[in-house]
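Observations on chain architecture
Take a look at the letters that make up each chain.
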Amino acid sequence: MSSIFDVTAAAQVLWPEHRADEWDRPGLIAGQTFAECKKALLSVDVSSDVLEEAIAGNFDLIISHHPFLLGSDHELSAQSAKGAVLLSAIKNDVALFSAHTNADIVTDGVSDVLAKALGLIDPKPLVAIEGTIMGHGRIAELSQPMTLLDFARHVSRCIAPTAGGVRVAGDPEQRISTVALCAGSGGSFLDEAINHGADVFVTSDLRHHTASDAIERARALGRSFALIDISHWAAEALWLEVAAKQLAEAVPDVKFVVSDLRTDPWDFAVTQ
Ligand SMILES: [Zn+2]
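Residues numbered from 1 in each chain as written. Predicted model: local features only at pLDDT ≥ 70, side-chain atom pairs only at ≥ 80, totals over all residues. Heavy atoms only, no water.

Turning our attention to unusual backbone geometry. Located in the positive-phi region is asparagine 58, a residue other than glycine, with phi close to 55°. On the secondary structure map, asparagine 58 appears in the loop between α2 (48-56) and β3 (61-64). A residue is classified by how much of its surface remains accessible, and asparagine 58, at 60% relative accessible area, is exposed. (Helix = DSSP H or I, 4+ residues; strand = E, 2+ residues; numbered from the N terminus. Buried < 20%, exposed > 50% of the residue type's maximum accessible area, 1.4 Å probe, protein only.)

On to the domain arrangement of the protein chain, then. Segmentation of the protein chain into domains returns domain 1 (4-100 + 237-258) and domain 2 (105-229). Relative placement of domain 1 and domain 2: their C-alpha centres are 29 Å apart. Taken together, the contact between domain 1 and domain 2 spans 10 residues of the former and 14 residues of the latter. Together domain 1 and domain 2 conceal approximately 890 Å² of surface at their shared face, both sides included; 72% is due to carbon and sulfur atoms. Of all residues in domain 1, Arg19, Leu238 and Trp239 give up the largest surface area on contact with domain 2, accounting jointly for 59% of the area buried on that side. At the surface where domain 1 touches domain 2, the tally comes to 0 salt bridges. At the junction of domain 1 with domain 2, the criterion picks out 1 residue pair in polar contact (both at pLDDT 80 or more). (Domains from an automatic or database assignment. Contact = heavy atoms within 4.5 Å. Buried area = accessible area lost by both parts, 1.4 Å probe. Salt bridge = Lys/Arg side-chain N within 4 Å of Asp/Glu carboxyl O. Polar contact = N/O pair within 3.5 Å; in protein donor to acceptor, adjacent residues only side chain to side chain.)

In structure tokens, the structure reads:
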């Protein structure tokens with residue numbers, strides 16, 4: 001019989017919590033450490049739908065990428081959305097655990113899995129953590145250079161379809177061979193992507209000024225530099241199957257299931 005502790009101990013080996021960014025709050029936020037764990041559900045987010053799925057499927061634990069509590073929540077009464085989910089999780093004996101920036105940086109972590117899904121060869125951290133092989137984002141070569149348009153189509157085929165699709169800034173005919181990426185909101189790593197000679201940076205949640213300024217900066221340096229903005233959820237959801245497999249090897253008597261629910265918040269887009 002395995003416990004929640006056995007799963008979180010295995011997770012600690014895969015994604016050491018002390019490596020998480022300082023502002024981050026991964027780990028166990030609800031549940032009893034020594035309660036039995038037979039089934040764990042993996043998801044990018046803990047939404048009310050994901051919790052319902054966990055309760056209906058008799059799961060003992062939800063392992064999410066995003067911490068359920070992060071930021072300025074200060075009320076956990078059932079009148080608040082977060083409070084209602086947390087109280088329901090506790091009442092139904094569903095523990096909540098997350099591996100966030102500590103899962104972003106490792107080999108076979110969130111960005112590494114995205115890089116490998118895109119077929120990049122031997123991806124290396126874009127922002128390396130000194131003295132380790134870990135780091136945020138990834139940079140690598142494509143096995144075959146291709147145009148930006150073909151690469152964007154390739155990216156779109158490698159991730160789950162979402163309403164937002166794949167947005168591209170750059171010349172469709174630009175030749176792409178060096179790719180930098182960061183699964184999730186990687187706008188803060190744009191300078192590193194430009195400085196490391198990437199032809200394109202793939203990430204999510206790029207804001208207007210962040211994107212425009214990066215393009216201008218690359219242009220001032222005489223560089224062709226493209227941006228590809230993809231769904232945050234779709235970029236990170238690829239990692240869940242890898243994580244489930246790694247955990248199943250470490251704790252074989254627990255069943256690890258990846259949720260089918262799409263927690264991308266966008267439902268549709270219209271164009272003129
Ligand atoms: Zn994320």
